[in-house]
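# Report on the structure
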Amino acid sequence: MREKKLLDDLLVRYPILRGQKEPIWKMFEIMAESFAHHGKLLVAGNGGSAADADHIVGELMKGFAKQRKLKIDTEQEKNSIKEMYLRLEEMQEGAGKKMMEKLQGALPAIALTGHQALSTAYANDVDPLYGFAQQVYGYGRKGDVLLGISTSGNSQNVLYACMVAKAKGMKVTGLSGSDGGRLREFSDVIIRVSGEKVHEIQELHMPVYHCLCLMLEEHFFGIG
């Protein structure tokens, strides 16, 4: 299985992550199940973890290691892509062909770390600690997945977001340090990397989420 080989390759390059093989695989399965049923991924984190949230979304919403060209002759989403192509051609001759050349397959994901107007208004008018939770309430649906990133596992705004996600019937996944903090309580699966300092933990978060993105890309766009 190609996805498992990508995970095995990660553990060869980063043997310090070998103890996280099972949770990495389980997180992949949870996310793949959600995407397969038209769910989406919401990602939240602070500081460097906010940058990681943006990074993850960037890898999922466009081609990462693959170009993910749209093809009408493939079974995956064939009907919806063909329908979009025909509608574009109705709007403007040649538009469908051009869009098919430029658009790429996407796995729907939203970083809750941007949206400055919303986040600053909510922080000023209500409470900054509930900003992520508000977005989960607005965006989240049963079957979606929340990824909470916190090196300590105790970032309160991330924990509030996890609580709302659980209440809405979403799956909650966590990326943290070796302790995992309270994020463990709310996560269906949590990846806890080794490290005593924030930067040491964040240095290991990147290869983990890169691997997850590669596995998801391979799963949905590896053939055809």
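Use the structure listed above.
Now for a quick tour of the structure. (Residues numbered from 1 in each chain as written. Predicted model: local features only at pLDDT ≥ 70, side-chain atom pairs only at ≥ 80, totals over all residues. Heavy atoms only, no water.)

Across its full length, the protein chain holds 10 helices and five strands. For a compact globule of 224 residues, the expected C-alpha radius of gyration is about 17 Å, and the protein chain comes in at 18 Å, within 12% of that figure. Seen along its three principal axes, the alpha-carbon backbone of the protein chain occupies a region of about 55 × 50 × 30 Å. The long-range fraction of contacts in the protein chain, counting pairs at least 24 apart against all pairs at least 6 apart in sequence, stands at 71%. Summed over its atoms, the accessible surface of the protein chain is roughly 11800 Å², and 53% of this surface lies on carbon and sulfur atoms. Averaging the positions of the 28 positive and the 28 negative side-chain charges in the protein chain gives two centres separated by 3 Å. (Helix = DSSP H or I, 4+ residues; strand = E, 2+ residues; numbered from the N terminus. Rg over C-alpha atoms; globule rule 2.2 N^0.38 Å. Contact = heavy atoms within 4.5 Å. Areas by Shrake-Rupley, 256 points an atom, 1.4 Å probe, with all protein chains shown as cover. Lys, Arg positive; Asp, Glu negative; His and termini not counted. Charge placed at Lys NZ, Arg CZ, Asp CG, Glu CD.)

Pairing in this open sheet of five strands is parallel, and the strands run β2-β1-β3-β4-β5 from one edge to the other. Looking at the sheet topology across the chains shown, the edges are occupied by β2 (109–111) and β5 (189–192). This sheet shows a mean twist of 15° between the axes of neighbouring strands, independent of strand direction. Relative to strand β4 (residues 171–176), strand β3 (residues 145–149) runs parallel, the two sharing five bridges. Within β4, the position partnered with Ile 149 by the bridge is Leu 175. Across the sheet, helix α3 (residues 48–60) is in contact with β1 (41–44), β2 and β3; its angle to β2 comes to roughly 160°. (Pairing = 2+ DSSP bridges. Axes fitted to C-alpha atoms, helices over the stretch in contact; angles between N-to-C directions.)

It is worth spelling out a nonpolar patch on the surface at this point. Taken together, the side chains of Met 84, Met 99 and Leu 103 present a nonpolar region at the surface, about 220 Å² in accessible area. Relative to the assigned elements, Leu 103 resides in the loop between α5 (95–102) and β2. For Leu 103, a relative accessible area of 36% translates into the label partly exposed. (Patch = residues over 30% accessible without salt bridge, like charges linked within 9 Å, V, L, I, M, F, W, Y side chains within 5 Å. Salt bridge = Lys/Arg side-chain N within 4 Å of Asp/Glu carboxyl O. Buried < 20%, exposed > 50% of the residue type's maximum accessible area, 1.4 Å probe, protein only.)

The next thing to look at is the pattern of salt bridges. In the structure shown here, the tally under the stated rule is 10 salt bridges. When the shortest N-O distance is used, the salt bridge between Arg 87 and Glu 83 registers 2.7 Å. Of this pair, Arg 87 and Glu 83 both sit in helix α4 (residues 78–91), four residues apart, roughly one helical turn. Between Lys 166 and Asp 188 there is a salt bridge, with its nearest N and O atoms 3.2 Å apart. Within this pair, whereas Lys 166 is found in helix α8 (residues 156–167), its partner Asp 188 is found in the loop between α9 (183–186) and β5, the two being separated by 22 residues in sequence. On the basis of relative accessibility, which here comes to 36%, the residue Lys 166 falls in the partly exposed class. Among the residues examined, Asp 188 registers a relative accessible area of 25% and is labelled partly exposed. A network of salt bridges, in which partner residues are shared, links Arg 2, Lys 66 and Glu 218.

Of all hydrophobic cores here, the largest spans 39 residues; its most connected members are Leu 41, Ile 56, Leu 60, Leu 147 and Leu 216. Put simply, the parts of the chain that give this core at least two residues each are α1 (2–13), α2 (21–36), β1, α3, β2, β3, β5 and α10 (198–221). Per-element tally for this core: the top contributor is α10, with 11 residues. Look past the residues within four positions of Leu 41 in its chain and what remains in contact with it is Met 31, Phe 35, Ile 56, Leu 60, Pro 108, Ala 109, Ile 110, Val 145, Leu 146 and Leu 147. (Core = buried A, V, L, I, M, F, W, Y, C linked by side-chain atoms within 4.5 Å.)

The next subject is the side chain of Gln 20. Mapped onto the fold, Gln 20 is located in the loop between α1 and α2. Residue Gln 20 is classed as buried on the basis of its relative accessible area, which comes to 15%. For Gln 20, the side chain forms a polar contact with the main-chain nitrogen of Arg 192, separated by 3.0 Å. Excluding residues that lie within four positions of it along the chain, Gln 20 makes contacts with Ile 190, Ile 191 and Arg 192. (Polar contact = N/O pair within 3.5 Å; in protein donor to acceptor, adjacent residues only side chain to side chain.)

Positive phi, close to 65°, is recorded for His 38, a residue that is not glycine. Within the secondary structure, His 38 is located in the loop between α2 and β1. On the basis of relative accessible area, His 38 is assigned to the exposed category, the value being 73%. The phi angle at Arg 68 is positive, at roughly 55°, despite the residue not being glycine. Using a relative accessible area of 5% as the deciding quantity, one classes Arg 68 as buried.

Functional significance is not addressed by these values, which are geometric in nature.
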